[in-house]
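Per-entry structural report
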Amino acid sequence: MQNVFEYLGGHEQRFIEELCEYIRFPSVSAQPSHARDVSSCAKWLVDHCSSMGLKSELCATSGNPVVLATTLKAGAGTKPHFLVYGHYDVQPAEPFDLWTSPPFEPRLEGRKLFARGASDNKGQNFAHLKAVEAYLKTGTELPCELTFLIEGEEEVGSVSLASFLSQRKKSLQCEAVVISDTGIPGKKCPALTYALRGIAAFEIIVRGPGRDLHSGIFGGSVDNPAMVLSQLLAQLRDARGRIRIPGFYDDVVPLTSFERKELARLPFKDRDYQRFLGVPALFGEKGYTPMEQRTSRPTLEINGLTSGYQGDGSKTIIPAWARAKVTCRLVPDQHPEKVIKAVRAYLKKICPPTVRLEVASGHGAEPYYTSPAGAYAQAALKAVGQAFGREPLLMREGGSIPIVTEFRKTLGVDTLLVGLGLPDDNAHSPNEKFDLDCFSSGMRMGAMLWQELRGVFDARKPKRRLARR
Ligand code: BES
Ligand code: ZN
């Protein structure tokens, strides 16, 4: 192992330059204008994995391509196989004027690398690739067989990946999936995430007159879609964030006292959090701490609101339509389809007859939960602790990685979430950055993981044989 760590330390400068190359592709999956950048990024990644010594393949899907890169050879032996998942697509970088430097021209400031996608998720998945490169280039035997699956649609709901998984089910059979696409409380405070929220995305469209109307000639006699939409939205949630849709909380599994204790151990100060976010006061459901509210309770958020005239000056109209993009974050055991059904029924009930209402459902992902007491989770905790030189904590997180529940359904395996992002990485915000100390710890963690996980596999093997007899 010593030569692996020496290799990682000795080549860090080159790794950073390569990471910058990776980041320079504006692989924004949400914007069709970036379709070519998305596929160029995937091609670069395939070539890069090949140059590292992995068998790499650019796989077409019904959407953006998937990159598969593996150590597996035909007729390979007895090592356990693990999947490492990541995504090469990024969120849109707008609004550009809020960036200190252009989002796709990586800028190094001390140990901070600023660029869209630096933390979410290119820097994090690149750390795993480099850890494996260190094994391959030093001729050190990898304790496990590994397949990297790096996709290009995570930021838009991983819509094409589920069917890709079923098609490739056989070659992707594995012990568990490893993902670094979550966060840790601090670079000296590592953690293992054992639960993620799910998501249900939908759009509410309210249509009124067939065209925008003069608000003086017609106003008062015809309803205003923007006003109706606002009134509908206002009835979805109360002033403390409790959702008012009947049935919404039916399937919510309450937090256990162990989980509440673990969340309370995380370094978190309400005051600092409030200052960091720049809000005049925090907000949230009664009876829960901000950490619980943001990781373990369901929510309903308006992500975008559009209607009427947005240009300079004023325009006196009654707009023909109004629309809102909304997402609910879900917790175990809520289901996106069931939630959307409840939303639709409630909106239909409260919508006045003066407008036409449409609730168009978008992407969805189920919430994820796995026991942190499992043997692989304990082994991952050990690797994380060794790499960061600190005892890792256990946490739940509020974000979503849609494919994790599909890994369980299709491949029958759990996911180990070993994040490298920091709370001030500005994921999805202007001035995203990745801390290079997290990059180095992440590479060391990546190197150690395979030893620890192999240990669990070996300890299990005899039991399996006994069970089979
Ligand atoms: N890396 C995030 C997910 C994440 C972030 C999980 C922080 C836990 C903590 C991922 O790239 C992401 O942003 N996912 C989207 C998924 C959505 C578009 C379906 C999300 O959570 O908004
Ligand atoms: Zn993201």
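Anyway, here's the lowdown on the structure attached to this text. Note that the coordinates shown come from a computational prediction; the quantities given were computed from them, not determined experimentally. (Residues numbered from 1 in each chain as written. Chains lettered and ligands numbered in written order. Predicted model: local features only at pLDDT ≥ 70, side-chain atom pairs only at ≥ 80, totals over all residues. Heavy atoms only, no water.)

1. Description of the nonpolar core
With 80 residues, the main nonpolar core has Tyr22, Tyr88, Leu129, Phe439, Trp450 and Leu453 as its most contacted residues. The residues contacting Trp450, other than those within four sequence positions of it, are Phe82, Val84, His128, Val132, Tyr135, Leu142, Pro143, Cys144, Leu146 and Val178. Of all hydrophobic cores here, the second largest spans 30 residues; its members include Leu232, Leu233, Phe248 and Ala322. (Core = buried A, V, L, I, M, F, W, Y, C linked by side-chain atoms within 4.5 Å. Buried < 20%, exposed > 50% of the residue type's maximum accessible area, 1.4 Å probe, protein only. Contact = heavy atoms within 4.5 Å.)

2. Some points on the packing of aromatic side chains
According to the stated counting rule, one finds twelve aromatic pairs in the structure shown. Measuring from ring centre to ring centre gives 6.2 Å for Phe25 and Trp44, while their planes differ by 50 degrees; the resulting arrangement is tilted. Linking Phe25 in the loop between helix H2 (12-23) and helix H3 (35-52) with Trp44 in helix H3, this pair joins segments that are 19 residues apart in sequence. Comparing Phe25 with Trp44, the two get one shared label, buried. Three or more aromatic residues joined by ring pairs make a cluster, and in this case those are Tyr22, Phe25, Trp44 and Phe126. (Phe/Tyr/Trp six-rings, centres within 6.5 Å; stacked < 30°, edge-to-face > 60°. Helix = DSSP H or I, 4+ residues; strand = E, 2+ residues; numbered from the N terminus.)

3. Here we look at the sheet that holds strand S18 (residues 433-435)
Pairing is antiparallel across the open sheet formed by three strands, whose spatial order is S4-S5-S18. Of all the strands in the sheet, the pair left with one neighbour each is strand S4 (107-109) and S18. In this sheet, adjacent strand axes meet at a mean angle of 25 degrees when their direction is disregarded. (Pairing = 2+ DSSP bridges. Axes fitted to C-alpha atoms, helices over the stretch in contact; angles between N-to-C directions.)

4. A closer look at helix H7 (residues 225-234)
Those residues of H7 that sit buried are Pro225, Val228, Leu229, Leu232 and Leu233. For H7, the angular spread of the buried residues around the axis is 135 degrees, confining them to a single face. If you follow the buried residues of H7, they end up packed against strand S9 (198-207), strand S11 (299-307), strand S12 (317-318), strand S13 (321-330), helix H11 (336-350) and strand S14 (356-365). Where H7 begins, one side-chain oxygen reaches toward the backbone nitrogen of Ala226, 2.8 Å away; that side chain belongs to Asn224. (Arc of directions from axis to C-beta. Polar contact = N/O pair within 3.5 Å; in protein donor to acceptor, adjacent residues only side chain to side chain.)

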